[in-house]
Amino acid sequence: MDLVLDNIIFSLQKAGGISVMWVELLKRILKDPDFNLNIIENKTNNILREEIELPGNLFLNNFTEKYPAAIQRYLNPNKIEGKGIFHSSYYRITNNRNYINITTVHDFTYEYFRTGLPKFIHTYQKGKAINASKRVICVSESTKNDLLKFYPKYLESQISVINNGVSKEYTPLLNKCQSQLEHLVSFDSGGFILYVGDRKTPYKNFDLVIEVAKKLKSPLVIAGGGSSAKNEMQYLLSQLGSNNFTIVPDISNTDLNILYNHAFCLVYPSLFEGFGIPIIEAQKAGCPVICSNNSSL
């Protein structure tokens, strides 16, 4: 069967949970002989996309590539040929009637936490994708419950809950040693707490992580989530001091696995998650997790 995967998410973020999930999907589906795979993509600086090599003969002509990513995200790929399944990484669909649309819903953060025009545009596109899809995949039971709350007319029988998986690169290191950390952080193994991911969005509750590190007088390692803005850096310096935190903004799976293996624990106090990928990465690497008890967590 023909399967067209739309890699638009790589153009919308440099890294992030959806990119993690989509790379793992691509890795696995490349090994599946039941599908004739084709891909829609344009140039990107997504650091997770760099971890996977895709054969050149899989790529279809992307007529939206001439537009900026901020516009592309709202342009549906309707000029694909053939017959099969179309699955976008972020709420695009095809109007080609020979294709069945499948949509993965990751969370409802816009619906709960955003306001104004960004919320309206996002929910409009998401709703259009959901209603045009023969099957909707939710990454957790929590996300499925949210979908039925916001789209009560969508048939529950057409929703499948498929939990996110975790990369095979996350694993306990058999011979842990301090030298593994030296190119990443200067703290001792087991002597720092770890935070992973976005810290700018209020519901991520990052201020609590700083409070914990300050109260415990424990070094804090911040992985992913991009570089620190000037005001954030000043705040971290005032709260923790220059020698008590390190930011590793762009990090590979291999290096993040090293941090999980050497951290005292992962602190993940988010107030809402559609899934929460760092939790299963940490668990697979053998790192204790402290997190909130809500939503999918």
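Use the structure listed above.
(A) Molecular detail of helix 8 (residues 230-240). Turning to helix 8, its buried residues are Glu232, Leu236 and Leu240. With its buried residues spanning 40 degrees around the axis, helix 8 presents them on a single face. In this structure, helix 8 carries Lys230, Asn231 and Ser238 as exposed residues pointing more than 90 degrees from its buried face. Close packing links the buried residues of helix 8 with helix 7 (206-216), strand 8 (220-223) and strand 9 (245-248). One or two positions beyond helix 8, positive phi appears at Gly241, with a value near 90 degrees.

(B) Structural detail: the environment of Thr115. Here Thr115 is to be found in the loop between helix 4 (109-113) and helix 5 (116-132). C-alpha separation for the pair Thr115 and Val212, spaced 97 residues apart in sequence, amounts to 30 Å.

(C) Molecular detail of helix 9 (residues 253-262). The buried count for helix 9 comes to nine of 10 residues, which makes it a mostly enclosed element. Listed as buried for helix 9 are Asn253, Asp255, Leu256, Asn257, Ile258, Leu259, Tyr260, Asn261 and His262. Those residues of helix 9 that are buried are in contact with helix 2 (17-29), strand 7 (193-196), strand 8, strand 10 (265-268) and helix 10 (277-285).

(D) Looking closely at the sheet that holds strand 11 (residues 289-291). Sheet architecture is open: five strands sit in the order 9-8-7-10-11, paired in parallel fashion. Strand pairing shows two members of the sheet lacking a second neighbour, strand 9 and strand 11, which therefore form its edges. Each adjacent strand pair in this sheet contributes to an overall mean axis angle of 25 degrees, direction not counted. Taken together, the two bridges between strand 7 and strand 10 define a ladder with parallel strand orientation. Within the sheet, the bridge partner assigned to Leu194 lies in strand 10 and is Leu266. Packed on one face of the sheet, helix 8 meets strand 8 and strand 9 and runs near 150 degrees to strand 9.

About the criteria used
Residues numbered from 1 in each chain as written. Predicted model: local features only at pLDDT ≥ 70, side-chain atom pairs only at ≥ 80, totals over all residues. Heavy atoms only, no water. Buried < 20%, exposed > 50% of the residue type's maximum accessible area, 1.4 Å probe, protein only. Helix = DSSP H or I, 4+ residues; strand = E, 2+ residues; numbered from the N terminus. Arc of directions from axis to C-beta. Contact = heavy atoms within 4.5 Å. Pairing = 2+ DSSP bridges. Axes fitted to C-alpha atoms, helices over the stretch in contact; angles between N-to-C directions.

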